Amino acid sequence: MKLLKNLYLLDGTGHWAPRCNCNVYLLDVGDSFVMIDAGHEKNLPYALDTMKYCGLSPEKITHVLITHSHLDHSGAAAALREMGVKVVACGSDADGIEAGDERIGTYFCTDDVFRPSKVDIKVKDGDKLTFGDLEIEVINAPGHTEGGAIYRCMLEGKEAMFTGDTVLNPVFYTGGGNNPVIYGGLGWAGSIDFDRAAYTQTLKRLWHDYKPEMLFPAHHAMTFTNGHLWIGHALNYVLEFWRK
């Protein structure tokens, strides 16, 4: 699915059955493509088929930027690397992808196997990645995981963030969808390195230092306007319900 002139959504489901996966985004940076999150390895064929359907060549993918180490985000890293794609990840999450240890969080797909992958480029907070005319800033976002990363760039003249599981759609629809519930849009709290205090500080920093219009989370819906309000919902939620 084409979202913007140079942005595609290749695949995406919720956190749970039937195909536990994340939103897999693709940036067209001119002569090549950059993926945001790899998704689960078993779902990679769906993403590649979407590329082919859109007339895009998977052989032109040069990098995959992983938001964090959980299986549904980094599971296809090894397979992509075998295709010649360079894997990019941040901090301790990069180490978790290489080790294949508890940091991959096999909490919802216990029958699946994670193939560890070398991380070609280990980034840190404040790093800038340049692909063609596009510059992407790395924001380390500890809380959901210790080494989680948000990728920030300008798309069609607007500030955009790929937020992984750090900030999701704050509205959850129950039942038939008639009773929306504001739950904050926070990521799963069961990671081995989940940290409420760090998560709160990350949200404070995002709220005060950035004003993205477009937010592209790793699960469920995205927004093309007022993305900073989703950050505000998340911050408001933790301040109200996580306060000791």
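What you see is a predicted model; the values in this text were computed from it and never measured.

(A) Region of interest: the sheet that holds strand S14 (residues 214–217). Pairing is mixed in the open sheet, where five strands are placed in the order S8-S9-S10-S11-S14. Each end of this open sheet is capped by a strand with a single partner; those strands are strand S8 (128–131) and S14. For this sheet, the mean angle separating the axes of adjacent strands, direction not counted, is 25°. When S8 meets strand S9 (residues 134–140), the two strands line up antiparallel, connected through four bridges. In the strand pairing of S9, Thr130 is matched with Glu135.

(B) The arrangement of helix H5 (residues 196–209) in detail. Taking 1.5 Å of rise per residue, 14 residues should cover 20 Å, and H5 covers 20 Å from first to last C-alpha, within 8% of that figure. For H5, the complete set of buried residues consists of Ala198, Tyr199, Thr200, Thr202, Leu203 and Leu206. Check the buried side of H5 and you find it contacts S9, strand S10 (149–155), strand S11 (158–164) and helix H6 (227–241). Where H5 begins, the side chain of Asp195 points an oxygen toward the backbone nitrogen of Ala197, at a separation of 3.0 Å.

(C) Local environment of the packing of aromatic side chains. Evaluation of the coordinates by the stated rule reveals eight aromatic pairs. A ring pair is formed by Tyr25 and Phe162, whose centres lie 5.3 Å apart and whose planes are at 65°; its orientation type is edge-to-face. On the criterion of sequence distance, the pair formed by Tyr25 in strand S3 (residues 24–28) and Phe162 in strand S11 is long-range, its members being 137 residues apart. An angle of 70° between the planes, with centres 5.7 Å apart, marks the rings of Tyr25 and Phe216 as edge-to-face.

Scoring rules and cut-offs
Residues numbered from 1 in each chain as written. Predicted model: local features only at pLDDT ≥ 70, side-chain atom pairs only at ≥ 80, totals over all residues. Heavy atoms only, no water. Pairing = 2+ DSSP bridges. Helix = DSSP H or I, 4+ residues; strand = E, 2+ residues; numbered from the N terminus. Axes fitted to C-alpha atoms, helices over the stretch in contact; angles between N-to-C directions. Expected span 1.5 Å × (residues − 1). Buried < 20%, exposed > 50% of the residue type's maximum accessible area, 1.4 Å probe, protein only. Contact = heavy atoms within 4.5 Å. Polar contact = N/O pair within 3.5 Å; in protein donor to acceptor, adjacent residues only side chain to side chain. Phe/Tyr/Trp six-rings, centres within 6.5 Å; stacked < 30°, edge-to-face > 60°.

By themselves, these are just geometric observations and shouldn't be taken as functional.
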